[in-house]
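What the coordinates show
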Amino acid sequence: ALGNPDDEIWNTDKENRSAISILRAFKVIQWKPLAMVALSKLNNAEITRLLQSIVVISYRYSVISKMQTNELEKTYSKAAINLYNQDSSNSTAILNDLKPLYVNDEEFRNYFSLKQFNTNNSIDKKLVRYTLYKLEGQENGGSFYDFETDSGTIEHILPESYPETWHAEFNEDEFARNVFMLGNLTLLEASKNNKEAADNVFEVKKSVYLTSKFILTKKIIDHQWTPQNIKSRQAHLAKLATSIWKIQF
């Protein structure tokens, strides 16, 4: 069940089902022994808090910062043993054991500001959808949509095809360095992406973005789109991310 959000154990448990689904997308498994002990020792509210915290830790540590997996193994094992040996337990005590895995805000922002997602890779594509939809919900005036069911698509502001009309703003090296940067990616309705935005010049795309339901996209109102604009937008998204994927210890 810990590897399958569609297992019957989660049928009436939407929050935990969602956490299991996200953790599966992250391809992180070292947390499972701890979760098995938690399921036998904690109440449902504590289990929910623990799983949501593991999502945050995993996103910071594994998805964005790409840190060593051997530390995950050791820390989760220690936390599982400590929980197993305690007579009374709660998620606060467990989180203290997991604190060494929590990438601090400054480091996380730095890693996030350099993050690329190769949208030709199915795993990266799912991760970037998850990321962009969470950012949409955090942006001032944004809305919460389900990244797994909403029909929005991933839009490359600097087009993935590198049309000739963009060569003045991005040389080949700049294109290669920037096309998959998170700051160059946004959400857009499928009909607008395929027909109206596509490979057009930035001015045309910008007018399409203003008609989008996604506030993350509506706010792309730069006068031009250059490597510096991508860097600035990604720095802004990094600040948002730090307040989304956060644990108060």
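Use the structure listed above.
Note that the structure is predicted; figures quoted are calculated from it, not measured.

Moving on to the environment of threonine 217. Its place among the elements puts threonine 217 in helix α11 (residues 215-218). Judged by its relative accessible area of 0%, threonine 217 is buried. Sequence-wise, threonine 217 and lysine 78 are 139 residues apart; in three dimensions their C-alpha atoms are separated by 43 Å. Not counting the four nearest positions on each side in its chain, threonine 217 is found in contact with Thr186, Leu187, Leu188, Tyr209 and Ser212.

Another aspect to go through is unusual backbone geometry. One non-glycine residue, lysine 66, lies in positive phi territory at about 50 degrees. By secondary structure assignment, the location of lysine 66 is in the loop between α3 (44-64) and α4 (69-85). Accessibility expressed as a relative area gives 60% for lysine 66, which makes it exposed. Backbone geometry places tyrosine 162, a non-glycine residue, at a positive phi of 50 degrees. Position of tyrosine 162 among the secondary structure elements: in the loop between β1 (153-156) and α8 (172-178). By relative accessible area, tyrosine 162 is classed as buried at 15%.

Residue position: threonine 48 is located in helix α3. Sequence-distant contacts of threonine 48, defined by excluding residues within four places in its chain, comprise Glu15 and Asn16.

A general tendency of soluble globular proteins is for nonpolar side chains to be buried together. Phe26, Trp31, Leu98, Phe112 and Leu135 are the most contacted members of the largest nonpolar core, which totals 59 residues. The biggest single contributor to this core is α3, with eleven residues. Aside from chain neighbours lying at most four places away, what touches phenylalanine 112 is Tyr59, Ile64, Thr131, Leu135, Leu182, Gln234, Leu237, Ala238 and Ala241. In terms of nonpolar packing, the next biggest core, distinct from the first, is built from 17 residues, Ile157, Phe175, Tyr209 and Ile230 among them.

What follows covers the side chain of serine 91. Along the chain, serine 91 falls in helix α5 (residues 91-98). Not counting residues up to four positions away in its chain, the partners in contact with serine 91 are Glu46, Arg49 and Leu50.

It is worth spelling out the packing of aromatic side chains at this point. Across all of its chains, the model carries 14 aromatic pairs by this definition. Seen in terms of ring centroids, tyrosine 162 and phenylalanine 175 are 4.3 Å apart; in terms of plane orientation they differ by 20 degrees. Their pairing is stacked. One end of the pair, tyrosine 162, is in the loop between β1 and α8; the other, phenylalanine 175, is in helix α8, and 13 residues separate them in sequence. The two residues tyrosine 162 and phenylalanine 175 agree in class, both being buried. A connected cluster of aromatic rings, assembled from ring pairs, spans Phe26, Tyr59, Phe108, Phe112, Tyr130, Phe147 and Trp245. Lying over the aromatic face of phenylalanine 108, arginine 60 brings its terminal NZ or CZ to 4.5 Å of the ring centre. Between lysine 213 and the ring centre of tyrosine 145, over which it is positioned, the NZ or CZ distance is 4.3 Å.

What counts and how
- Residues numbered from 1 in each chain as written.
- Predicted model: local features only at pLDDT ≥ 70, side-chain atom pairs only at ≥ 80, totals over all residues.
- Heavy atoms only, no water.
- Helix = DSSP H or I, 4+ residues; strand = E, 2+ residues; numbered from the N terminus.
- Buried < 20%, exposed > 50% of the residue type's maximum accessible area, 1.4 Å probe, protein only.
- Contact = heavy atoms within 4.5 Å.
- Core = buried A, V, L, I, M, F, W, Y, C linked by side-chain atoms within 4.5 Å.
- Phe/Tyr/Trp six-rings, centres within 6.5 Å; stacked < 30°, edge-to-face > 60°.
- Lys NZ or Arg CZ within 6 Å of the ring centre and 35° of its normal.

Purely geometric numbers; function is a separate question.
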